[in-house]
Amino acid sequence: MSEKTIGQEMLDKLSYKRRNIYEEATPEKIKAIYDYSEGYKKFLDDGKTEREATEAAIALVEAKGFTEYKLGDKISVGDKRYLNHHGRSLIAFKVGEKDIEREGIKILASHVDSPRLDLKQVPMYEDSGMGFLKTHYYGGVKKYQWTAIPLALHGVMVKADGEVVNVCIGEDDNDPIFYINDLLPHLGAKQAQEPLGTAISGETLNILIGGLPYDDKEVSDKIKLTALSILNEKYGVTEEDFISAELSLVPAFKARDIGFDRALIAAYGHDDRVCSYPAITALLDNADTKDTVMVVLADKEEVGSMGISGMQSAFLVDLIAEISKALGKNEAVVRNNSKCLSADVTACYDPNFADVYEKRNSAMISCGTTMSKYTGARGKSGTSDASAELVGYFRKIFAENDVIWQTGELGKIDMGGGGTVAMYIANQNIPTVDLGVPVISMHAPYEVVSKADVYSTYEAFCAFVK
């Protein structure tokens, strides 16, 4: 093999090139990547809604000695606490011994909600020998993807006396599942000519729940009554209790390995639990850090981060204020000197749809966690656009810890785009940049990620918090 020319050596030295993690990994590293993914898959299966993901995260932090904190509680250096915010979002934090006024707080912020189908408040009806539930889709979905797949019902119902009833039907192998009817191709010629976005309308995403008439010839709505009687027997609820309920239909699929080599994971809800799990585990595995560290698992990102449990709520800044006050520090200075990784996914380059990507600036599968200096749509609308200094700060940290990572954008400029929670945190004068796992088939009922990219994200978060 001929020696490299001086020019080639210089090109190798000066050029930026992505690195494929699997190509460089030792057998021991690949085993670590695969082993870590088993815990992540369990987290996915345990937390298919924001409530369940919050509960799963609480179980993880409590197992490592974190205790519950409520606003107003005493805070001291060394505390390992978590704030359960209305059961749908969470902040786990460790108070370090370093001066937070000088060093700030290291924040990892992800979200635990995912696109799904929510039940309407008066959802149940029957028609033509079938029982149905009406839905209202949540987040950015391709509606046609949700027909003719197995669905599970998750959530809570609050009865008139205030009792909260947890509901989960469709996940156990012995459970029934739910279903959305689709039109057979023999009669679907007209439907097939419709654009994908309109071939299935939101009002036709009706959940098939049964077909057995109640055994009483004098009763109307016999199939509906059968369903109500089963729910009443199992949960003690009535139709009126749907009014004070949060019930969602999610895919009944389990997280599974993809391919002969098991290098990839298919699952519902990678966006954004694929960043939430590395964030939580990075905190737990580096709880001896001398820095103050926060992990935020927020709700409502998929619909704009509004509401009490979304990132536009004051719960993060309220907690920062409480910690600052307890330690005798200036809250504004603390926020100004803090740093945040907005831990959210990005689009992974897919050669099957190459025309919507700008390959040079797209995230590639298995090439590591991906930093997006800016997100947004078209003219960077809806982004905080991190500073060069902040990007340089993380470049240095990742280089010092041998983290394989890459940069990426969400497709070609004029093709669309998307946002994250980054801008809401940056609006609080906290320097913030996006970093997360590239995802194939984002927002589909079954998304795809590389195990290597999940582990790389964990390594990046560890490098930051320690």
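Each remark here, short or long, concerns the structure printed above.
Sequence order as written defines the numbering, with residues in each chain counted from 1. Predicted model: local features are reported for residues with pLDDT of at least 70 only, side-chain atom pairs are reported and counted for 80 or more only, and whole-chain, interface and lining totals are derived from all residues. To get the side-chain values, take all heavy atoms of the structure and skip hydrogens and water.

The subject of this paragraph is the overall build of the chain. Looking only at helices and strands, the chain has 14 helices and 23 strands in total. Put simply, the radius of gyration uses C-alpha atoms, and a globule should come to 2.2 Å times the residue count raised to 0.38. In terms of overall dimensions, the chain is globule-like: its C-alpha atoms have a radius of gyration of 24 Å, near the 23 Å expected for 466 residues. Structurally, the chain occupies a C-alpha span of about 85 × 60 × 45 Å along its principal axes. Counting all 466 residues of the chain, 50% fall into the buried class. Only runs of H or I of at least four residues qualify as helices and only runs of E of at least two qualify as strands under DSSP, and these elements are numbered from the N terminus. Type-normalised accessible area, obtained with a 1.4 Å probe on protein chains alone, sets the label of each residue: buried when under 20%, exposed when over 50%, and partly exposed for intermediate values.

Attention now goes to the pairing of strand S23 (residues 447-450). Covered by surrounding structure in S23 are Glu447 and Val449 together with Val448 and Ser450, the residues of both alternating faces. The rule for pairing is simple: two strands pair if DSSP sees at least two bridges between them. Relative to S23, strand S13 (residues 264-267) runs antiparallel, the two being bridged by four bridges. Note on S23: the bridge partner recorded for Leu264 is Ser450.

The next point concerns unusual backbone geometry. Following Asp271, the chain continues into Asp272 via a peptide bond in cis, with omega recorded as 15 degrees. Of note, Asp272 is situated in helix H9 (residues 270-285). One non-glycine residue, Lys380, adopts positive backbone phi at about 60 degrees. Residue position: Lys380 is located in the loop between strand S18 (376-377) and helix H12 (388-400).

A separate point is helix H14 (residues 451-465). Working rule for helices: expected span equals 1.5 Å times residues minus one. Taking 1.5 Å per residue, 15 residues should reach 21 Å; H14 reaches 21 Å between its end C-alpha atoms and fits that length. The buried count for H14 comes to 14 of 15 residues, which makes it a mostly enclosed element. Within 3.5 Å is the distance limit for a polar contact, defined as a pair of N or O atoms, with the added protein rule that one can donate a hydrogen and the other accept it, and that residues adjacent in sequence qualify only through two side-chain atoms. By the N-cap criterion, in which a side-chain oxygen at the helix start approaches the backbone nitrogen of a residue two or three places on, H14 is capped by Ser450, the distance to Ala452 being 3.1 Å.

The subject of this paragraph is the sheet that holds S23. One open sheet holds the three strands; their spatial order is S12-S13-S23, and the pairing between them is antiparallel. Every other strand in the sheet has two partners, leaving strand S12 (256-258) and S23 as the edge strands with one partner each. Ignoring strand direction, the axes of neighbouring strands in this sheet form an average angle of 35 degrees. On the sheet, H9 packs against S13 and S23 and is oriented at approximately 30 degrees with respect to S23. Sheet strands in contact with H14 are S12, S13 and S23, and its direction is about 65 degrees off that of S23. Only the stretch in contact is used when a helix axis is fitted, and all axes are lines through C-alpha atoms; the angle between N-to-C directions ranges over 0 to 180 degrees. Should any heavy atoms of two residues lie within 4.5 Å, those residues are counted as being in contact.

One side-chain nitrogen of Lys or Arg within 4 Å of one carboxyl oxygen of Asp or Glu is enough to make a salt bridge. Scanning all chains against the criterion turns up 34 salt bridges. Between Asp35 and Lys31 there is a salt bridge, with the nearest N and O atoms lying 2.7 Å from each other. With Asp35 and Lys31 both in helix H3 (residues 27-46) and four residues apart, this pair spans about one turn of that helix. For Lys31, a relative accessible area of 52% translates into the label exposed. The salt bridge involving Glu38 is made with Lys41; its shortest N-O contact spans 3.0 Å. Residue Glu38 and its partner Lys41 are both found in helix H3; the two are separated by three residues, about one turn of the helix.

Once that is clear, we can look at the environment of Ala245. Relative to the elements of secondary structure, Ala245 occurs in strand S11 (residues 245-251). When the C-alpha positions of Ala245 and Glu38 are compared, they lie 32 Å apart, and in sequence the two are 207 residues distant. Those residues in contact with Ala245 that sit more than four places away from it in its chain are Val156 and Met157.

Quick look at the layout of surface pockets now. Whether a set of points on the 1 Å grid over the protein atoms alone is a cavity depends on a 1.4 Å probe fitting there but being unable to get out, while an open set qualifies as a pocket with protein on both sides within 12 Å along at least five of seven lines; lining residues are those with an atom within 4 Å of a point. Grid points are joined across faces, edges and corners, and a volume is the space filled by probe spheres set on the points. Considering only enclosed or pocket space, the largest pocket measures out at about 1200 Å³ in volume. If you trace the largest pocket, you find 48 residues lining it, with Ala347, Leu410, Gly417, Gly418 and Met442 closest to the centre. Those elements giving two or more residues to the lining of the largest pocket turn out to be strand S16 (346-347), strand S17 (369-372), S18, strand S20 (417-418) and helix H13 (422-426). Only Asp, Glu, Lys and Arg are considered charged in this grouping, and only Ala, Val, Leu, Ile, Met, Phe, Trp, Tyr, Cys and Pro are considered nonpolar; every other residue, Gly among them, is considered polar. Partitioned by chemical class, the residues of the lining of the largest pocket number 19 nonpolar, 18 polar and eleven charged.

Through backbone hydrogen bonds, the strands of a sheet pair up, either in parallel or in antiparallel fashion. One open sheet accounts for seven strands, arranged S8-S7-S11-S5-S6-S10-S9; its pairing is antiparallel. This sheet does not close on itself; its edge strands, each paired only once, are strand S8 (164-169) and strand S9 (179-180). The pairing of strand S6 (residues 130-138) with strand S10 (residues 207-210) spans three bridges and is classified as antiparallel. Of the residues in S10, the one forming a bridge with Gly131 is Gly210.

Attention shifts here to a nonpolar patch on the surface. Patches here are clusters of residues that have more than 30% relative accessible area and form no salt bridge, with a 9 Å joining cutoff for like charges and a 5 Å cutoff for nonpolar side chains (Val, Leu, Ile, Met, Phe, Trp, Tyr). Using the Shrake-Rupley algorithm and a 1.4 Å probe, accessible areas are obtained, with residue cover drawn only from the displayed protein chains. The grouping of Ile6, Met10 and Leu14 at the surface amounts to a nonpolar patch, some 370 Å² of accessible area in total. If you trace the backbone, Leu14 turns up in helix H1 (residues 6-14). Take Leu14: its relative accessible area is 64%, and that puts it in the exposed class.

With that out of the way, let us pick up the packing of aromatic side chains. Put simply, two rings from Phe, Tyr or Trp (the six-membered ring, in Trp's case) pair if the centres are within 6.5 Å, and we call them stacked under 30 degrees between planes, edge-to-face over 60, tilted for the rest. For the structure shown, the criterion picks out 15 aromatic pairs. Where Tyr36 meets Tyr277, the ring centres are 5.3 Å apart and the plane angle is 50 degrees; that geometry is what we call tilted. Of this pair, Tyr36 sits in helix H3 while Tyr277 sits in helix H9, and the two are 241 residues apart along the sequence. As far as the burial class goes, Tyr36 and Tyr277 line up, both buried. Arranged with centres 5.0 Å apart and planes meeting at 85 degrees, the rings of Tyr393 and Phe394 form a pair that is edge-to-face. Among the residues examined, Tyr393 registers a relative accessible area of 26% and is labelled partly exposed. Classification of Phe394 as buried rests on a relative accessible area of 0%. A network of ring pairs unites the aromatic residues Tyr36, Tyr40, Phe43, Tyr277, Tyr455 and Tyr458 as a single cluster. For Lys339, the ring lying beneath its charged end belongs to Tyr393, and the centroid distance is 4.6 Å. In this scheme, Lys NZ or Arg CZ marks a charge over a ring once it lies within 6 Å of the ring centre and within 35 degrees of the ring normal.

The next subject is empty space enclosed by the protein. For the coordinates displayed, the defined rule picks out one cavity of 30 Å³ or more. As for the largest cavity, its lining consists of Leu119, Lys120, Gln121, Phe242, Ala245 and Leu247. With three residues, the single largest contributor to the lining of the largest cavity is strand S5 (residues 116-127). When the residues that make up the lining of the largest cavity are grouped by side-chain class, the tally is four nonpolar, one polar and one charged.

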